[in-house]
Structures are given as structure tokens and as C-alpha cells.
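Summary of structural features
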Amino acid sequence: MPQEDQVDRSRVDVTMAVTDCLYRYARAVDRCDWDSVRACYHDNAFDHHGAYQGGVDGLIEDMKIRHATLDSSVHVITNVIVDLPDPDVALVESYCVCYLRRRIQEDSGAQQSTTVKCRYLDKFTPDAHGRWRIASRMVVFDELCVGEVQDSRPQAGARSERDQKDPLWTFLDRGVDWNSEDYAAGVEA
């Protein structure tokens, strides 16, 4: 019985590590934090990401171009299924829904909204420090919907930004000293 418990614990540990990496990837893409995107991959990883197919450095350059015209990007990753065919290999299928909004291109205020429904097929392996990273990825596209929207976010709320101006960075920098009352008082840094 201890061996079975050990296998289950290992599966849980790997699933948690892989899921954490996937969530960090999503946050990094949405905040245009390209160093953190890179940290989710092995240096020699291959990504089959739609029109882009190649190494992680090329993927990041491609993302920089594609995301330069977006003022909103939200990646929602769910249904993370981890199979362990080997102690050092995790085959992972996860669902992803991406909500993307392009910057205003005209005086009308209209913006293009794109919803992408896809799945990531990832091969994860641990690096030299035991951190599980993406060794190979294929994005499988299920649906892509494009429409026109008007941004109607309230002016009074905290607003999402695609860079270091996002409230996330102050939240992380301040750590235990962070308090949302600072935002209500107009203190941001």
C-alpha cells in the first residue's frame, strides 16, 4: 500500500507543478512579461503555436508582434489532465480560452474582440533544478470568434494594463505590506 500512496503523491505533486507553470504562462502572456513566458519553457523547447512553429525565442518574438496591438488579453486555462508515462515525463492536455481586445483603431471607439478556444498538448519534463517546464507544445484550435465591441469598463475601478503599470506588480512588490486601501487613497507605488 505505501507504494500506491507514493505514486498518488507523486502524481499530485507533478500535477500541481505543471498547473502552476500553465497559470504562470497565462499571466506572463497577459502582462507581456516575456522573461516569465521564457521561464515556462526549456531552452530547447519547440512550440507548434498556429502559424508560428519553432523555438521559444522565436515564439516570444512572434508574441511580441501579435500582442503589440492588444490592449486586453486574458488566458483562462482549465481542465488540466496530466498523464505520467515516465517519472520524468508528463503529457498534459489543458483547455484554454483567450479573450483578446485590439486597441481602438478609429474615432468611433469600436474595438475588435477575439475569443479563441483551444487546447494545449504539452510535454513537460523537469529541468536540472527539478522544475517542470514545457519541452514541447502544440496548440489545437477549436474555435475563433471575432466581433466588434465597445469598452465599457467603469472608470472608478482598478484597470488592467498589459505591462508593469498593472496593479499586479505593485501587489507583488509590496508583498506583506500591500493593502487595497492604498488604491482607494490614490497611492499606487
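Okay, so let's go over this structure. (Residues numbered from 1 in each chain as written. Predicted model: local features only at pLDDT ≥ 70, side-chain atom pairs only at ≥ 80, totals over all residues. Heavy atoms only, no water.)

Focus on the nonpolar core
Counting 34 residues, the largest nonpolar core has V18, Y25, V37, Y41, A90, V92 and F124 as the members making the most contacts within it. The dominant element in this core, judged by the number of residues it contributes, is helix α1 (residues 2–30), at eight residues. In this structure F124 touches V18, C21, L22, D88, V89, A90, V92, W132, R133, I134 and A135, once residues within four positions along its chain are discounted. (Core = buried A, V, L, I, M, F, W, Y, C linked by side-chain atoms within 4.5 Å. Buried < 20%, exposed > 50% of the residue type's maximum accessible area, 1.4 Å probe, protein only. Helix = DSSP H or I, 4+ residues; strand = E, 2+ residues; numbered from the N terminus. Contact = heavy atoms within 4.5 Å.)

Comments concerning the sheet that holds strand β5 (residues 110–126)
With mixed pairing, the six strands of this open sheet are ordered in space as β2-β1-β6-β5-β4-β3. Because the sheet does not close on itself, it has two edges, and the strands there are β2 (52–55) and β3 (70–86). The mean inter-strand angle of the sheet, taken between neighbouring strand axes irrespective of direction, is 20°. Relative to strand β6 (residues 132–150), strand β1 (residues 41–49) is paired through four bridges, and the arrangement is parallel. (Pairing = 2+ DSSP bridges. Axes fitted to C-alpha atoms, helices over the stretch in contact; angles between N-to-C directions.)

Section: the packing of aromatic side chains
For the structure shown, the criterion picks out three aromatic pairs. Their ring planes at 70° and their centres at 6.3 Å tell us that Y25 and Y41 sit as a pair that is edge-to-face. With Y25 in helix α1 and Y41 in strand β1, the pair connects residues that are 16 residues apart, well separated along the chain. Residue classification places Y25 among the buried positions, given a relative accessible area of 1%. On the numbers, 5.9 Å between centres and 90° between planes, the contact of Y25 with Y120 is edge-to-face. Taken together, the positions of Y25 in helix α1 and Y120 in strand β5 put the pair 95 residues apart, joining distant regions of the chain. Y120 gets classed as buried once you look at its relative accessible area, which sits at 2%. Connected via pairs of aromatic rings, a cluster forms that spans Y25, Y41 and Y120. Between R137 and the ring centre of Y25, over which it is positioned, the NZ or CZ distance is 4.5 Å. (Phe/Tyr/Trp six-rings, centres within 6.5 Å; stacked < 30°, edge-to-face > 60°. Lys NZ or Arg CZ within 6 Å of the ring centre and 35° of its normal.)

Points about the pairing of β2
As defined by bridge partners, β1 adjoins β2 across four bridges and the pair is classed as antiparallel. The residue of β2 that forms the bridge with H48 is Q53. A loop of two residues connects β1 with β2, the two strands running antiparallel in sequence, and G50 in this loop sits at a positive phi of about 70°.

Digging into unusual backbone geometry
If you check the backbone angles, C32 has positive phi at about 55° while not being a glycine. In this fold, C32 is placed in the loop between α1 and α2 (34–39). We note that N79 has phi near 50°; this positive angle belongs to a residue other than glycine. If you trace the backbone, N79 turns up in strand β3.

Some thoughts on the side chain of H75
Within the fold, H75 resides in strand β3. Polar side-chain contacts of H75 include one of 2.6 Å to the side chain of D30. Once residues within four sequence positions are removed from consideration, H75 is found in contact with A26, V29, D30, H67, C96, V97, C98, L100 and Y120. (Polar contact = N/O pair within 3.5 Å; in protein donor to acceptor, adjacent residues only side chain to side chain.)

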